[in-house]
There are 2 protein chains.
Amino acid sequence: MGSLGDITLENNNVMCPPNPLDPEEFRRQGHMMVDFIADYYHDVDKYPVLSQVSPGYLRDLLPDSAPNHAEPIEAILQDVRNHIVPGITHWQSPNYFAYFPSSGSVAGFLGEMLSVGFNVVGFNWMSSPAATELETIVMDWLGKMLSLPKPFLFSGGGGGVLQGTTCEGILCTVTAARDKVLNKIGRDRIGDLVIYSSDQTHCALKKAAQIAGIRPDNIRALPTRQRDAFGLCPETLRSALAADVSEGLVPLYLCATVGTTSSTAVDPLRGLCEVAAEHDIWVHVDAAYAGSACICPEFRHFIDGVENASSFSFNAHKWFFTTLDCCCLWVKEPQHLVNALSTNPEYLRNKATESKKVVDFKDWQIALSRRFRALKLWMVLRSYGVANLRNFIRSHVNMAELFEGFVAKDERFEVVVPRNFAMVCFRLLPPLGSRSARDGGLETANAINKRLLDAMNATGKIYVTHAVVGGVYIIRFAVGASLTEERHVRSAWSLVEEQAEALLAELEVQAALQEKAEAGLTEFNVHAAMQEQAGQAVHA
Amino acid sequence: MGSLGDITLENNNVMCPPNPLDPEEFRRQGHMMVDFIADYYHDVDKYPVLSQVSPGYLRDLLPDSAPNHAEPIEAILQDVRNHIVPGITHWQSPNYFAYFPSSGSVAGFLGEMLSVGFNVVGFNWMSSPAATELETIVMDWLGKMLSLPKPFLFSGGGGGVLQGTTCEGILCTVTAARDKVLNKIGRDRIGDLVIYSSDQTHCALKKAAQIAGIRPDNIRALPTRQRDAFGLCPETLRSALAADVSEGLVPLYLCATVGTTSSTAVDPLRGLCEVAAEHDIWVHVDAAYAGSACICPEFRHFIDGVENASSFSFNAHKWFFTTLDCCCLWVKEPQHLVNALSTNPEYLRNKATESKKVVDFKDWQIALSRRFRALKLWMVLRSYGVANLRNFIRSHVNMAELFEGFVAKDERFEVVVPRNFAMVCFRLLPPLGSRSARDGGLETANAINKRLLDAMNATGKIYVTHAVVGGVYIIRFAVGASLTEERHVRSAWSLVEEQAEALLAELEVQAALQEKAEAGLTEFNVHAAMQEQAGQAVHA
């Protein structure tokens, strides 16, 4: 049972159990877990990337209630291997190209270990000064790496804070903006406040705005166009603002995106901020994914104009080698966050706070309690250094470029929108026949690409996800998992080709047989013939 | 520089840096970190519990910007030792008795390691089925351990979800309740909604309610009385509801607390739920701290009546050996959360969701992204088992009882409110002379206890915090740090006695000299004489 088992005396009285934080037991089990996870990374490319389990699989494998007695770590790790790992979608796999990356790293992991080890609850400075101070320091470091204008840094009167996710960051800034305005025009007018974004903006905005009590029908998703590469046109914003003002509504907040989730589109910050300034509205720049790239001088231009925004955020847990969760948010005027989010209960009163020489981050976020997240970011920055971090990013971009080249060279495919960062949006072109349909074969093409995506993911060899942009179903190929190397990208392309060939062959057979079917074949025969031919195509 | 250094070729071209998630590097550094943290736990009682650094200490010790080149883990750990540890308030110290505990454990740490290792982004079932399924399973396990009524369990049509903190849990339920009502009476009436709590309720409620757009002046903190042990009297609630209804306002939500932060007071759930039912309002039970104790049959009665509440939460990261953050929230009707918080962007569409056979936890919380928190809770439950967990809790309660006994036996002190769990609220009684003052010496007593608290914390030997209840400044002595043993509690009491004696001696001298001063002594002499005598008292 190991030393964690409860110790039963001869007379069956249960002794006080061993201390749950015994340092030597910590050491013994900690080393076991390090080896377990190191082995996992070593073997992760052998698992199906997308978990292939069915809903409810785990309830059948585990007991109905918690055990009464202690179980040894060995037994638990065995269950992790047998029951949990099959239900994991392996975001750390080198063959993971879905959504956006969740790029782990040794340094990020170690920083998290330290943070969990200290396990401080850093609501204010006093509760653990290092937690607050390191956060202010790394947020300034990172702000400088991004060449954020000085007013966003602590050293320039603004400041950065680590949130869990972008959704939380947006909720905090919406709340700050909301109260800033309502304190002027009166609480009763909450129903008049309007929030702006494009139809490409992440749904986190809508969710956050609704939580903050903004009327759902006052959340505008303004249309974008393919010819603007799905960026929000400033003129579109200007018209929307004018229309709302003429209705007596109060423009509040614009969320501009650098690197949308669907297609990594970029809203033109400079133009949008100019228009926003005419109405004095809060502009938040959501660079959740693409912010990481902006530490490279060659990508920095994507956030040109940020100097006129009110706040800026990016997720270090996406593509910056810092484990989930770690959203970096900078604001020019932290006082608006504090005004909206501060609480000062008696039990937290302390001299440091009253001296006004310290930051109490509980007043910059939703929750009061907060983890010491700065440690992992600090360890990432120091363990790799700016030069390596830029090179990691560049190597992912180069691999995406390689993949884009494969797509571009193959006339059966197309790159649907221009690649900005390390994600390629592509699709299989519909068979020529269908392109003459009224919608140019769009419906057929979308259905085919959905089938292609499902077929690729069902192999377990890679995992990719989709989006629909301007009505077009696209396959998103996002490079960025830390373990991905060029050979994985090459294999992924081979799989795309192989699955596409099988699918196209199947479609051809289907079309041919359809004609025959119309000439009298039974459905059973069509199906059998299709399967036979499809099998040949795969093995060809 | 270790193998993480960037590798410079002879011609000064920088090669692609080593992979940031290299399994063997992970193993090497992971083992180092395990030993680092094990050593920290071994030595943690040697550090001042409350960090003694001054505001701004760290900025002077660290560079102004991130390093350009990689730094070896050895150098970083050295900086953790030299620069970070002095700025840590050691929540894991056995001499930590402040706020509420943040009780770490080997199992909780290991669970977090696994979660960070997989680093999945579990927004929906599909993105990592094990993350969602394990969460539903452990929430049912834990619900059964608490004897929560079946309607709160997945197996009974309700369900539990892991939030970061109570503040988030309250925000989600307030938002759910708000939208349920506004969908009936119209969005325009958001300004009419009223939220109820007692004057002892945690400020998380006020914060969450304000974020959700509830008018600040519609958030009621109803008065409590010492004779009700600071629990909210149902009749007080009834009157408040009637008054608001007669004003045309709409009662929305009651937050009842089991184990308040100031004094672990308990609101009477059964009576409050009866009154709340008359107005069909949402009742949330916040048992952030005391919920843990309710896994012991002898404490379960504190949540009797929960069957008539709408939601219930407790923080496993406080006193349940699960590292921050981990708030367990159960609701009877998850659909209200989903109605208020769901988002269904195209890029997350998938068959499992559409089959309606799975839970997508993104719709039960603020953020979309979520960590695999269930692992740590599962590991805690399995590694210790229900029997040991109850015994851990009981051993803390027993230690608090021991301390309470010390206080009760010493006539210079009093236990201010009855102890319910593992926290003792006590104070040093004011010197007899001051008790004849108009406020019964309250002001003097409060000032003395504040001085006593500061003096104790300045020694670095223990850390305790305060609250003010019914106007009385109390010292809160919360047992629950995992490493605390009886000897630490005995030492803590000795320190209380020692510091109190010094303070009382000083006060006596002060009073005596005050008289003399009035008889003509210079201020300088008073001060010098005081210091001399105080020194003697300490060394006596």
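Residues numbered from 1 in each chain as written. Chains lettered and ligands numbered in written order. Predicted model: local features only at pLDDT ≥ 70, side-chain atom pairs only at ≥ 80, totals over all residues. Heavy atoms only, no water.

If you check an unreviewed UniProt entry, chain A appears there as Tyrosine decarboxylase from Ensete ventricosum. Per UniProt, chain A carries the Cofactor (unreviewed entry) text "pyridoxal 5'-phosphate". We quote the UniProt Sequence similarities (unreviewed entry) comment for chain A here in full: "Belongs to the group II decarboxylase family." (UniProt positions renumbered as here; feature names shortened; annotations may be inferred.)

Once that is clear, we can look at the overall build of chain A. Looking only at helices and strands, chain A has 15 helices and 11 strands in total. Its C-alpha atoms give chain A a radius of gyration of 27 Å, near enough to 24 Å, the size a compact globule of 540 residues would have. Over its C-alpha atoms, taken along the principal directions, chain A stretches across nearly 90 × 80 × 45 Å. For chain A, with 540 residues in total, the buried portion stands at 65%. In chain A, the share of contacts with a sequence separation of at least 24, taken over all contacts with a separation of at least 6, comes to 73%. When the accessible surface of chain A is summed, it comes to about 18,800 Å², and 51% of that surface belongs to carbon and sulfur atoms. Here chain A contributes 48 positive and 61 negative side-chain charges, whose respective centroids are spaced 7 Å apart. (Helix = DSSP H or I, 4+ residues; strand = E, 2+ residues; numbered from the N terminus. Rg over C-alpha atoms; globule rule 2.2 N^0.38 Å. Buried < 20%, exposed > 50% of the residue type's maximum accessible area, 1.4 Å probe, protein only. Contact = heavy atoms within 4.5 Å. Areas by Shrake-Rupley, 256 points an atom, 1.4 Å probe, with all protein chains shown as cover. Lys, Arg positive; Asp, Glu negative; His and termini not counted. Charge placed at Lys NZ, Arg CZ, Asp CG, Glu CD.)

Tallied over the full model, the rule gives 80 salt bridges over all chains. Between Arg270(A) and Glu307(A) there is a salt bridge, with the nearest N and O atoms lying 3.0 Å from each other. Taken together, the positions of Arg270(A) in helix α8 (residues 269-278) and Glu307(A) in the loop between β5 (282-286) and β6 (311-315) put the pair 37 residues apart, joining distant regions of the chain. Classification of Glu307(A) as partly exposed rests on a relative accessible area of 30%. Between Glu414(B) and Arg427(B) there is a salt bridge, and its shortest N-O distance comes to 2.7 Å. Of this pair, Glu414(B) sits in strand β8 (residues 413-415) while Arg427(B) sits in strand β9 (residues 423-428); the two residues are 13 residues apart in sequence, bridging distant segments of the chain. (Salt bridge = Lys/Arg side-chain N within 4 Å of Asp/Glu carboxyl O.)

Turning our eyes to something else, we now look at the pairing of strand β4 (residues 250-257) of chain A. Residue and element names in this part refer to chain A. Of all eight residues that make up β4, eight are buried, and the element is covered over most of its length. As defined by bridge partners, strand β2 (residues 193-198) adjoins β4 across four bridges and the pair is classed as parallel. Paired with Val-194 across the bridge in β4 is Pro-251. Inspection of the sheet shows β4 paired to β5 by five bridges, in the parallel sense. (Pairing = 2+ DSSP bridges.)

A few words on helix α10 (residues 334-341) of chain B. Burial within α10(B) is extensive, with six of its eight residues counted as buried. Those residues of α10(B) not exposed but buried are Pro334(B), His336(B), Leu337(B), Val338(B), Ala340(B) and Leu341(B).

This part is about the packing of aromatic side chains. Applying the stated criterion across every chain yields a total of 65 aromatic pairs over all chains. Seen from their ring centres, Tyr40(A) and Phe118(B) are 4.9 Å apart, and the 85° between their planes marks the pair as edge-to-face. Placement of the pair is Tyr40(A) in helix α1 (residues 23-43) and Phe118(B) in helix α3 (residues 106-118), with the two residues belonging to separate chains. By relative accessible area, Phe118(B) is classed as buried at 2%. Measuring from centroid to centroid gives 6.0 Å for Phe312(B) and Trp330(B), while their planes differ by 45°, and the two rings are tilted. Here Phe312(B), found in strand β6 (residues 311-315), pairs with Trp330(B), found in strand β7 (residues 327-331); they are 18 residues apart in sequence, far enough to count as distant. Residue classification places Trp330(B) among the buried residues on the basis of a relative accessible area of 0%. By the ring-pair criterion, three or more aromatic residues cluster together here, those being Phe97(A), Phe403(A), Phe406(A), Phe413(A), Phe426(A), Phe477(A) and Trp493(A). When the ring centre of Phe100(B) is taken as origin, the NZ or CZ atom of Arg476(B), which lies over that ring, is 5.0 Å away. (Phe/Tyr/Trp six-rings, centres within 6.5 Å; stacked < 30°, edge-to-face > 60°. Lys NZ or Arg CZ within 6 Å of the ring centre and 35° of its normal.)

The next thing to look at is the sheet that holds β9(B). All names here are of chain B. Pairing is antiparallel across the open sheet formed by four strands, whose spatial order is β8-β9-β11-β10. In this open sheet, the two edge strands, each paired with only one partner strand, are β8 and β10 (465-469). Pairwise comparison of adjacent strand axes, ignoring direction, gives a mean angle of 40° for this sheet. When β8 meets β9, the two strands line up antiparallel, connected through three bridges. In the strand pairing of β9, Glu-414 is matched with Arg-427. Contacting β8, β9 and β11 (472-478), helix α12 (residues 374-409) crosses the sheet at an angle of about 20° to β9. Sheet strands touched by helix α14 (residues 486-518): β8, β9 and β11. Its angle to β9, the strand with the most contacts, is close to 15°. (Axes fitted to C-alpha atoms, helices over the stretch in contact; angles between N-to-C directions.)

Bringing the domain arrangement of chain A into the picture now. All names here are of chain A. Splitting chain A by domain gives domain 1 (23-106), domain 2 (121-371) and domain 3 (396-539). Of the residues lining the interface, 21 residues belong to domain 1; the matching set on domain 3 comes to 21 residues. The tally of links between domain 1 and domain 3 comes to zero salt bridges. Here domain 1 and domain 3 share 11 residue pairs in polar contact (both at pLDDT 80 or more) between them. Its residues assigned to classes, the side of domain 1 that touches domain 3 shows 14 nonpolar, seven polar and no charged. (Domains from an automatic or database assignment. Polar contact = N/O pair within 3.5 Å; in protein donor to acceptor, adjacent residues only side chain to side chain. Nonpolar A, V, L, I, M, F, W, Y, C, P; charged D, E, K, R; others polar.)

Residue and element names in this part refer to chain B. Along the polypeptide, Ala-75 turns up in helix α2 (residues 73-84). For Ala-75, a relative accessible area of 29% puts it in the partly exposed group. With 101 residues separating them along the chain, Ala-75 and Ala-176 place their C-alpha atoms 49 Å apart.

All names here are of chain A. End to end, helix α7 (residues 234-246) covers 18 Å across 13 residues, agreeing with the expected 18 Å (1.5 Å per residue, within 8%). Along α7, the residues that are buried comprise Leu-237, Ala-240, Leu-241 and Asp-244. Across the axial projection of α7, the buried residues extend over an arc of 100°, all falling on one side. In this structure, the buried side of α7 is in contact with β2, β3 (219-222), β4 and α8. Immediately beyond the C-terminal end of α7, within one or two residues, lies Gly-248, with a positive phi of roughly 85°. (Expected span 1.5 Å × (residues − 1). Arc of directions from axis to C-beta.)

Once that is clear, we can look at the interface of chain A and chain B. Contacts between chain A and chain B engage 157 residues on the former and 157 residues on the latter. Summed over both sides, the interface of chain A with chain B buries roughly 14,500 Å², with 68% coming from carbon and sulfur. When residues of chain A are sorted by the area they lose upon contact with chain B, Phe26(A), Tyr347(A) and Arg382(A) head the list and together hold 6% of the total. Inspection of the chain A/chain B interface yields 14 salt bridges. Here Asp35(B) ties to Arg27(A) by a salt bridge, and the two come within 3.0 Å at their closest N and O atoms. At the junction of chain A with chain B, the criterion picks out 73 residue pairs in polar contact (both at pLDDT 80 or more). With 18 residues, α1(A) is the largest single contributor of residues to the side of chain A that touches chain B. (Buried area = accessible area lost by both parts, 1.4 Å probe.)

This part takes up the sheet that holds strand β3 (residues 219-222) of chain B. Residue and element names in this part refer to chain B. Taken together, the seven strands give an open sheet; going across it, the order is β1-β7-β6-β5-β4-β2-β3, and neighbouring strands pair in mixed fashion. Since the sheet does not close on itself, it has two edges, and those belong to β1 (159-163) and β3, each with one partner. Across the sheet, the axes of successive neighbouring strands diverge by a mean angle of 20°, strand direction being ignored. Direction of pairing for strand β2 (residues 193-198) relative to β3: parallel, over a ladder of four bridges. Bridge pairing in β3 links Ile-195 to Ile-219. In the packing of helix α6 (residues 204-211) onto the sheet, contacts are made with β2, β3 and β4 (250-257), and the angle to β2 comes to roughly 170°.

Turning our eyes to something else, we now look at the pairing of strand β10 (residues 465-469) of chain A. Residue and element names in this part refer to chain A. Of all five residues that make up β10, four are buried, and the element is covered over most of its length. In this sheet, strand β11 (residues 472-478) lies alongside β10 in antiparallel orientation, the contact comprising five bridges. Pairing of Val-468 across the sheet is with Tyr-473, part of β11. Turn length for the β10-β11 hairpin, with the two strands adjacent in sequence and antiparallel, is two residues, and the turn residue Gly-470 shows positive phi of about 55°.

It takes a turn of 180° to lay chain A on chain B, together with a shift of 0.0 Å along the axis; the resulting RMSD is 0.1 Å. In symmetry terms, the pair is related by a two-fold rotation axis. The residues that chain A uses at the interface reappear at the interface of chain B in 100% of cases, marking a shared surface. (Least-squares fit on C-alpha atoms with pLDDT ≥ 70 in both.)

Residue and element names in this part refer to chain A. Per the UniProt entry, the sites bearing "modified residue: N6-(pyridoxal phosphate)lysine" (unreviewed entry) are Lys-318 in this numbering. Residue placement: Lys-318 occurs in helix α9 (residues 316-319). Looking at Lys-318, the relative accessible area reads 15%, which means it is buried. Those residues in contact with Lys-318 that sit more than four places away from it in its chain are Phe-100, Pro-101, Ser-102, Ser-103, Ala-288 and Tyr-289.

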